[in-house]
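# Architecture and fold: a report
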Amino acid sequence: MKFFIDTANLDEIKEAKEFGVLDGVTTNPSLMAKSGVKGKENIFKHYKTICEIVDADVSAEVIATTYEEIIKEGEELAAIDDRIVVKVPMIKDGIKAIKYFSDKGIRTNCTLVFSAGQAILAAKAGATYVSPFIGRLDDISFEGMDLIAQIVDIYETFSFDTQVLAASIRGPLHIVQAAESGADVATCPLSAILGLLKHPLTDIGLEKFLSDAKNFS
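Reading the values: the criteria
- Residues numbered from 1 in each chain as written.
- Predicted model: local features only at pLDDT ≥ 70, side-chain atom pairs only at ≥ 80, totals over all residues.
- Heavy atoms only, no water.
- Helix = DSSP H or I, 4+ residues; strand = E, 2+ residues; numbered from the N terminus.
- Contact = heavy atoms within 4.5 Å.
- Pairing = 2+ DSSP bridges.
- Axes fitted to C-alpha atoms, helices over the stretch in contact; angles between N-to-C directions.
- Expected span 1.5 Å × (residues − 1).
- Buried < 20%, exposed > 50% of the residue type's maximum accessible area, 1.4 Å probe, protein only.
- Arc of directions from axis to C-beta.
- Salt bridge = Lys/Arg side-chain N within 4 Å of Asp/Glu carboxyl O.
- Phe/Tyr/Trp six-rings, centres within 6.5 Å; stacked < 30°, edge-to-face > 60°.
- Lys NZ or Arg CZ within 6 Å of the ring centre and 35° of its normal.

Relative to the assigned elements, F133 resides in the loop between β6 (129-132) and α7 (134-139). Separated by 19 residues in sequence, F133 and F114 have C-alpha atoms that sit 6.3 Å apart. Leave out the neighbours within four places in its chain, and F133 touches T111, L112, V113, F114, A167 and S168.

Here it is in structure tokens:
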């Protein structure tokens, strides 16, 4: 399973890359604003910088919601760098745009997916990635991981090439569950990735090793 970091913060992206397990980046307008990046020109420059740091897929989200505007904005984003994956919302015009982008060789990430039916539409349209939002489903008392497993099963049955990208991940347990459910990618905050390192028995064991090592000095 690939690890993407869900952020626009350059320091976090660099840290994740240095950690040695980073496979890509996902972003959205909210994450850009959180990082203090505003204005189209600055946002595009920021995407280019991210691409140069990670040398991997970088999902850049369109703000438009009509077919013509999604196409226009998506082509502008795709022109920034070959690593850009155009992030398109799961709406009627979004699906039409994904089909257009697919025919033009522009990679896409269909976002805001909350049902298997939506995932089927995204795959049929040729999306490169589909992003079910696990955490938000959990928030309304629906088991998000069940959706991941369902989509994975459907895609395998019909040999869809679309990759399942588990999004809205809240912590390390979600990452493990996404892996168990067969997700191709998990996108998450840096804190969730680093959280996989933690286990009390590891801390206890290391403390014991270090204590015993003093006998060799």
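That shown, we press on.
Pairing within the closed barrel is parallel, and its 8 strands lie in the order β1-β2-β3-β4-β5-β6-β7-β8. Across this sheet, the average inter-strand angle for adjacent strands is 30°, counted without regard to direction. The pairing of strand β5 (residues 108-113) with β6 spans 3 bridges and is classified as parallel. Its bridge partner being in β6, N109 is matched across the sheet by Y129. Packing of helix α4 (residues 67-78) onto the sheet brings it into contact with β3 (57-61) and β4 (84-89), and relative to β4 it is tilted by some 160°. Along the sheet, helix α6 (residues 116-125) makes contact with β5 and β6, crossing β5 at roughly 165°.

Moving on to helix α5 (residues 92-103). Its 12 residues give α5 an end-to-end C-alpha distance of 17 Å, which sits within 8% of 16 Å, the value for a rise of 1.5 Å per residue. Listed as buried for α5 are G94, I95, A97, I98 and F101. In an axial view of α5, the angular spread of the buried residues amounts to 160°, which keeps them on one side of the axis. In α5, the exposed positions that point more than 90 degrees away from the buried face belong to K92 and D103. Two residues or fewer past α5, G105 is found with a positive phi of approximately 80°.

Evaluated as defined, the whole model comprises 9 salt bridges. Across the pair D57 and R107 runs a salt bridge whose closest N-O atoms are separated by 2.6 Å. Of the two residues, D57 is situated in strand β3 and R107 in the loop between α5 and β5; the sequence distance between them amounts to 50 residues. Using a relative accessible area of 17% as the deciding quantity, one classes D57 as buried. We classify R107 as partly exposed; its relative accessible area is 26%. Members of the salt-bridge network, linked through shared partners, are K48, D55, D81 and R83.

The final tally for this structure, using the stated rule, is 5 aromatic pairs. Taken together, a centroid distance of 5.5 Å and an interplanar angle of 75° make the contact between Y155 and F160 edge-to-face. A connected cluster of aromatic rings, assembled from ring pairs, spans Y155, F158 and F160. A cation over a ring is seen here: K96 above Y67, with NZ or CZ 4.9 Å from the ring centre.

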